[in-house]
Amino acid sequence: MTDRFIPIADARYAAAVPTIPVDAPVPAGRLLDRRGRVLHDLRISVTDRCNFRCTYCMPKAVFDRDYAFLPQTSLLTFEELTRLVRVFVAHGVEKIRLTGGEPLLRKDIERLIAMLAPIRTPAGEPLDLTLTTNGSLLARKAQRLVEAGLRRVTVSLDALDDDVFRAMNDVDFPVSSVLEGIEAAAAAGLAPLKINMVVKRGINDGEIVAMARHFKGSGHVLRFIEFMDVGASNGWRLDEVVPSAEVVRRLDEAFGLEAVDPGYRGEVAERWRYRDGSGEVGVISSVTTPFCGDCTRARLSTEGKLFTCLFAHAGHDLRALVRGGAEDHQLAAAVGQIWNRRSDRYSELRSQHTQGLPKVEMSYIGG
Ligand code: SAM
Ligand code: SF4
Ligand code: SF4
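A brief structural summary. (Residues numbered from 1 in each chain as written. Chains lettered and ligands numbered in written order. Predicted model: local features only at pLDDT ≥ 70, side-chain atom pairs only at ≥ 80, totals over all residues. Heavy atoms only, no water.)

**Some thoughts on the site of ligand 1**
In the vicinity of ligand 1 there are 20 residues, among which Gly 101, Thr 132, Ser 156, Val 198 and Met 228 approach most closely. Within the side chain of Glu 102, an N or O atom sits 3.2 Å from a nitrogen atom of ligand 1. Thr 133 is positioned with one of its backbone polar atoms (N or O) 3.2 Å from an oxygen atom of ligand 1. Compared with its free state, where it exposes 540 Å², ligand 1 has 95% of that area covered by protein. Among the elements of the structure, β4 (128-133), β6 (194-199) and β7 (221-226) are those that each provide at least two residues to the shell around ligand 1. Of the residues assigned to the shell around ligand 1, the class counts are eight nonpolar, 10 polar and two charged. (Near = heavy atom within 4 Å. Polar contact = N/O pair within 3.5 Å; in protein donor to acceptor, adjacent residues only side chain to side chain. Areas by Shrake-Rupley, 256 points an atom, 1.4 Å probe, with all protein chains shown as cover. Helix = DSSP H or I, 4+ residues; strand = E, 2+ residues; numbered from the N terminus. Nonpolar A, V, L, I, M, F, W, Y, C, P; charged D, E, K, R; others polar.)

Here it is in structure tokens:
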């Protein structure tokens, strides 16, 4: 067997240090981009490491023993992160999602949560603070996460069938341990959970109905995600995407579904409920129905680079400003300028011409 060689552009180093404009944005004001989208959500990758090698995210052929993960000194410290979050929240961010890599692998993640949980919006409201995890460490950590102040969690789970699941995570991790994690999280008070399933044709699309049946009536909301062309290493092909419309049709045939109105502008999941009243499911159709027009999120990489689109090829080096002694109003001015200049809408433009463009890996930027 010959090894598969996949060249990836190391976009981690493609970043400019933002300039600091003289005028800081009005405190407590909202930041608007060129398309009139407010900055509302911040996703923070707290580590680029993971104990899984999901074939669609961190394929083994690339993320192998020789892969150079970031050194500890490159990571934003919890103090640096908390300071940046305060600046973002002062300018309109209300929702923070900790992600990665696998966020529960970051040492003392509970301490970070305890530092972020007390932060209030300018209106005095608590943050919507949540975390996305592969669930492998959740049974062990759920209670401590809740005690630190976490209120919600999203667990990724791609199949119920153990063989299918082990093949997708590619480290032979058993599905039973993730299901235990989900139960532990619910018991600790993180219910209802969101469960994310990335669907790949010919790999786990046979699990769609079984997954729905399992979580139907549990209170947890299962969401089906179209396989996306994030990063440059996952060998994405359009024919492996199962369109959300097909997922909905299959579930409708099996259980009967009706549409639910979106909860708020910018909600990425299209919501459906079972006609028998036993709960909701969602579909996230980034490929077949792009939602760039309502995209209100920014991403902060593990080493403090700000990305204004999941498919961006370069970030803005906020860590350089933080470590270079910038004051809070200067950080705010830099972030305000970056957001004001934003015009990203990759998914709307997706075509064969965008396929070869360099992009950062999702494990680095945060999914
Ligand atoms: N390790 C955590 C996890 O798996 O939940 C958090 C990070 S992971 C990058 C965040 C989310 O991105 C997961 O729900 C994962 O399934 C999703 N994801 C990763 N690669 C993807 C792809 N190519 N297309 C669609 N979703 C993807
Ligand atoms: Fe790890 Fe999450 Fe990526 Fe899977 S999707 S490899 S669990 S970061
Ligand atoms: Fe937002 Fe970029 Fe995704 Fe469009 S492609 S929804 S702008 S992250």
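Next comes the rest of the write-up.
**A closer look at the site of ligand 3**
The full set of residues close to ligand 3 is Phe 291, Cys 292, Cys 295, Arg 299, Cys 309, Leu 310, Phe 311, Arg 342, Asp 344, Tyr 346 and Ser 347. Residues that form the shell around ligand 3 fall into these classes: seven nonpolar, one polar and three charged.

**Quick notes on the pattern of salt bridges**
Considering all chains together, one arrives at 26 salt bridges under this definition. With a closest N to O distance of 2.7 Å, Asp 33 and Arg 37 form a salt bridge. Take Asp 33: its relative accessible area is 6%, and that puts it in the buried class. What makes Arg 37 buried here is its relative accessible area of 3%. With its nearest N and O atoms 3.9 Å apart, the salt bridge here joins Asp 108 to Lys 107. Overall, Lys 107 belongs to the exposed group, its relative accessible area being 65%. Salt bridges here are not isolated pairs; linked through shared partners, they connect Asp 33, Arg 37, Arg 342 and Asp 344. (Salt bridge = Lys/Arg side-chain N within 4 Å of Asp/Glu carboxyl O. Buried < 20%, exposed > 50% of the residue type's maximum accessible area, 1.4 Å probe, protein only.)

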